[in-house]
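# Summary of the model geometry
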Amino acid sequence: MKKIFVTGGTGYIGSHTVVELQQSGFEVIIADNLCNSNIGVLDGIEQITGIRPAFEQIDLADEKQTRDFFSRHRDVEAVIHFAALKAVGESVQKPLEYYRNNLNSLMNVIGCMREYGIRNLVFSSSCTVYGQADVLPVTETTPRKQAESPYGNTKAMCEDIMRDVAKVEKGMNLLALRYFNPIGAHPSACIGELPNGVPNNLIPYLTQTVAGIREQLSVFGDDYNTPDGSAIRDYIDVVDLARAHVVAIRRLLEGKNKANYEYFNIGTGRGVSVLELIQAFERATGEKVNYRITGRRAGDIEKVWADTTLANTELGWKAVVPLEETLANAWRWQQHLGKMKK
Ligand code: NAD
Ligand code: UFG
């Protein structure tokens, strides 16, 4: 059984990916410092797959801890690097923490992979690297724009590090997945997103509003140049996204990659406005969303969605979960969280 090292594997996207990896016959070992997740996630994973993944609490921004981990796990065949800080607003307030954590962890991981002869890496990038693109949908050849936040900048810089390393480390295969907007939860409601404090992202704020934890959802702007005036994103189901990692890992392990640094858009190819998303949620769940239109949020772009042709043809991957099913899963997860608190 091939062993995959998943950093940040108790986090939102990491935990869903661990499930898909295990269900595809891979052995998984997780390292996470639990700065934005908790150890109980391992129970959720075990409930779904029947297998408790190996886990070590490690800070990957610490070179010594990271090297120690790699020196003890020489049978790892590939790494998926999710571990990062990800709050856009917080990154503006704490830029050094974001650069230190997100850049050092990637450099430590790649450095140790080189040292211990581990060739294959999949990295979590983001559509944030495109900024407000001039032409939509965005393809992988769409020019990247200057990032709006230190967080976004860490993703662009990490991609650059991978590109430069790949030029000289010909034996290494580095692949970045540019996620659009991941939402939803596992249909079992055993794992999902665990937002810390007041959520910044749309779906956790929306589900907490419907659950009565927040009073009202603010829709940030209805004066954008879009059909209904609210901003447009490409919302990708987290299980579809998790599957993309399994496909990417297989591509590298089977040597099917066309270059030793590659990057792919991972979205649905469909743009959905905030107001359309609220309506879809109401249809999917039968619940009413209490919302009001407020001003635009600083730093938001107007619209972005993916051209996923490259992922469809090269990776043989496609998003399949219908939006309403994703939203129903997000609501089921919110209800599950509510029960846990009682
Ligand atoms: P998350 O916060 O749920 O998961 C990240 C995990 O990494 C957490 O469990 C955290 O404890 C851990 N971590 C952070 N720094 C660490 C360190 N130095 N050492 C060890 N563990 C560390 O976030 P997520 O939504 O699952 O995101 C996973 C990855 O995908 C991140 O790299 C994120 O930037 C990227 N991404 C997320 C989104 C999104 O909207 N969720 C969009 C695009 C890209
Ligand atoms: N929105 C609201 N009300 C809210 C929260 C969000 O109207 O309470 C709107 C936003 O203005 C935006 C859309 O809902 O138009 C989506 O907002 P999110 O905060 O959920 O997501 P973003 O597109 O702003 O950014 C997210 C992640 C970034 C990541 C990016 C692309 O937060 O880290 O997706 O992957 F880079």
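Being a predicted model, the structure only gives us computed values, none of them experimental.

Taken together, 27 residues surround ligand 1, and among them Asp32, Asn36, Ser37, Asn101 and Tyr151 come closest. Within the side chain of Ser37, an N or O atom sits 2.7 Å from an oxygen atom of ligand 1. Between ligand 1 and Phe82 there is a distance of 2.8 Å, counted from an oxygen atom to a backbone nitrogen or oxygen. If ligand 1 stood free it would expose 820 Å²; the protein chains cover 95% of that surface. Of all the secondary structure elements, the ones that give two or more residues to the shell around ligand 1 are helix 1 (12–23), strand 5 (120–126) and helix 6 (150–168).

This paragraph deals with the nonpolar core. Formed by 36 residues in total, the largest nonpolar core has its most connected members in Ile4, Leu21, Val122, Leu177 and Ile266. Per-element tally for this core: the top contributor is helix 8 (residues 238–253), with 8 residues. Once you skip the residues sitting within four places of it in the chain, Ile266 turns out to touch Leu177, Arg178, Tyr179, Phe180, Ile236, Leu241, Ala244, Ala311, Leu315 and Trp317. Ranked by size, the runner-up nonpolar core spans 27 residues in total, among them Phe5, Ala83, Ile110 and Tyr116.

The next point concerns the packing of helix 5 (residues 95–116) against helix 6. Close contact between helix 5 and helix 6 brings their axes to 10 Å; oriented N to C, the two are set at 25 degrees. With respect to their mutual orientation, helix 5 and helix 6 come out roughly parallel. Where helix 5 crosses over helix 6, the two elements pack in a sense that is right-handed. The residues of helix 6 that touch helix 5, namely those facing Pro95, Tyr98, Tyr99, Asn102, Leu103, Leu106, Met107 and Ile110, are Pro150, Tyr151, Asn153, Thr154, Met157, Cys158, Ile161, Met162 and Val165.

Moving on: the sheet that holds strand 5. Across the sheet, which stays open at both edges, the 7 strands sit in the order 3-2-1-4-5-6-11 with parallel pairing between neighbours. Looking at strand neighbours, the two that pair on one side only are strand 3 (54–57) and strand 11 (261–266), the edges of this open sheet. Ignoring strand direction, the axes of neighbouring strands in this sheet form an average angle of 20 degrees. With 7 bridges joining them, strand 5 and strand 6 (residues 173–179) adopt parallel strand pairing. In the strand pairing of strand 6, Leu121 is matched with Leu174. Against the sheet, helix 5 contacts strand 1 (3–7), strand 4 (76–81) and strand 5, and its axis sits at roughly 165 degrees relative to strand 5.

All right, on to the UniProt feature "domain: NAD-dependent epimerase/dehydratase" (unreviewed entry) in the chain then. Feature annotation in UniProt places "domain: NAD-dependent epimerase/dehydratase" (unreviewed entry) on residues 4–267, given in this structure's numbering. Between the first and last C-alpha atoms of residues 4–267 the distance is 24 Å; the span itself is 39% helix and 20% strand.

Evaluated as defined, the whole model comprises 0 disulfides. With no disulfide of its own, Cys35 lies closest to Cys158 among cysteine sulfurs, the gap being 15 Å. Exposure remark for Cys158: the relative accessible area of 2% places this residue in the buried category.

Inspection of every chain in the model, using the stated rule, returns 6 aromatic pairs. With 4.1 Å between their ring centres and 25 degrees between their planes, Phe5 and Phe69 make a pair best called stacked. Of the two residues, Phe5 is situated in strand 1 and Phe69 in helix 3 (residues 63–72); the sequence distance between them amounts to 64 residues. No difference in accessibility class separates Phe5 from Phe69, as the two residues are buried. Between Phe5 and Phe70, the aromatic rings sit 5.4 Å apart at their centres with planes inclined by 80 degrees, giving edge-to-face as the arrangement. Pair noted here: Phe5 is in strand 1 and Phe70 is in helix 3, with a separation of 65 residues, a long-range link.

Taken across its 6 residues, strand 4 has 5 buried, putting it largely inside the fold. Note that strand 1 and strand 4 share 5 bridges and pair parallel. Residue Lys3 lies in a different strand from strand 4, and its bridge partner there is Val76. With 4 bridges joining them, strand 4 and strand 5 adopt parallel strand pairing.

Attention shifts here to the pairing of strand 3. Relative to strand 3, strand 2 (residues 27–32) runs parallel, the two sharing 4 bridges. If you follow Ile29 over to strand 3, its bridge partner there is Ala54. Following the backbone out of strand 2, through helix 2 (residues 41–49) and into the adjacent parallel strand 3, one traces a crossover that is right-handed.

Close contacts around ligand 2 come from 21 residues, with Ser126, Phe180, Ser218, Arg233 and Asp300 the closest. Within the backbone of Leu202, one N or O atom sits 2.9 Å away from an oxygen atom of ligand 2. Within the backbone of Ser218, a nitrogen or oxygen atom sits 2.6 Å from a nitrogen atom of ligand 2. Protein coverage of the free-state accessible area of ligand 2, which is 690 Å², stands at 88%. In terms of residue count, strand 8 (residues 217–220) provides more of the shell around ligand 2 than any other element does, 4 residues in total.

Thresholds applied
- Throughout, a residue's number is its position along its own chain's written sequence, starting from 1.
- Working convention: letters from A go to chains and numbers from 1 go to ligands, in the order in which they are written.
- Only residues with pLDDT of at least 70 are given local features in this predicted model, and only at 80 or more are side-chain atom pairs given and counted; all residues enter the totals for whole chains, interfaces and linings.
- Side-chain measures here rest on the full set of heavy atoms in the structure, leaving out hydrogens and waters.
- Nearness is judged by heavy atoms alone; a residue qualifies as near a molecule or strand once a single heavy atom is within 4 Å of it.
- What qualifies as a polar contact is a pair of N or O atoms within 3.5 Å, subject to a donor-acceptor requirement within protein and to the restriction that residues adjacent in sequence count only when both atoms come from side chains.
- Exposure was quantified through the Shrake-Rupley algorithm and a 1.4 Å probe, taking into account, for residues, occlusion by the shown protein chains and nothing else.
- Only DSSP runs of H or I covering at least 4 residues are called helices, and only runs of E covering at least 2 are called strands; the numbering of each starts at the N terminus.
- Nonpolar cores are built from buried Ala, Val, Leu, Ile, Met, Phe, Trp, Tyr and Cys residues. Side-chain atoms within 4.5 Å join them into one set.
- Burial classification: accessible surface area is computed with a 1.4 Å probe over protein chains only, and a residue below 20% of its type maximum counts as buried, one above 50% as exposed, and the rest as partly exposed.
- Between two residues, a contact is recorded if the distance between any of their heavy atoms is within 4.5 Å.
- With axes taken as lines fitted to C-alpha atoms, and helix axes fitted only over the stretch in contact, angles between N-to-C directions fall between 0 and 180 degrees.
- Angles are sorted into four bins: roughly parallel if under 35 degrees, roughly antiparallel if over 145, roughly perpendicular if 65 to 115, and oblique for all others.
- Handedness of a helix crossing follows the sense of rotation of the near helix relative to the far helix, less than a right angle counterclockwise being left-handed and clockwise being right-handed.
- The criterion for strand pairing is that DSSP finds at least two bridges linking the strands in question.
- UniProt positions are given in the numbering used here, feature names are shortened, and annotations may be inferred rather than shown by experiment.
- Disulfides are defined in this document as cysteine sulfur pairs within 2.5 Å.
- Pairing of aromatic rings covers Phe, Tyr and Trp, the last counted by its six-membered ring, and requires centre-to-centre distances within 6.5 Å; plane angles under 30 degrees mean stacked, over 60 mean edge-to-face, and any other angle means tilted.
- A right-handed crossover is one whose linking path, passing over the helix from the first strand to the second, runs clockwise when the strands point away from the viewer.

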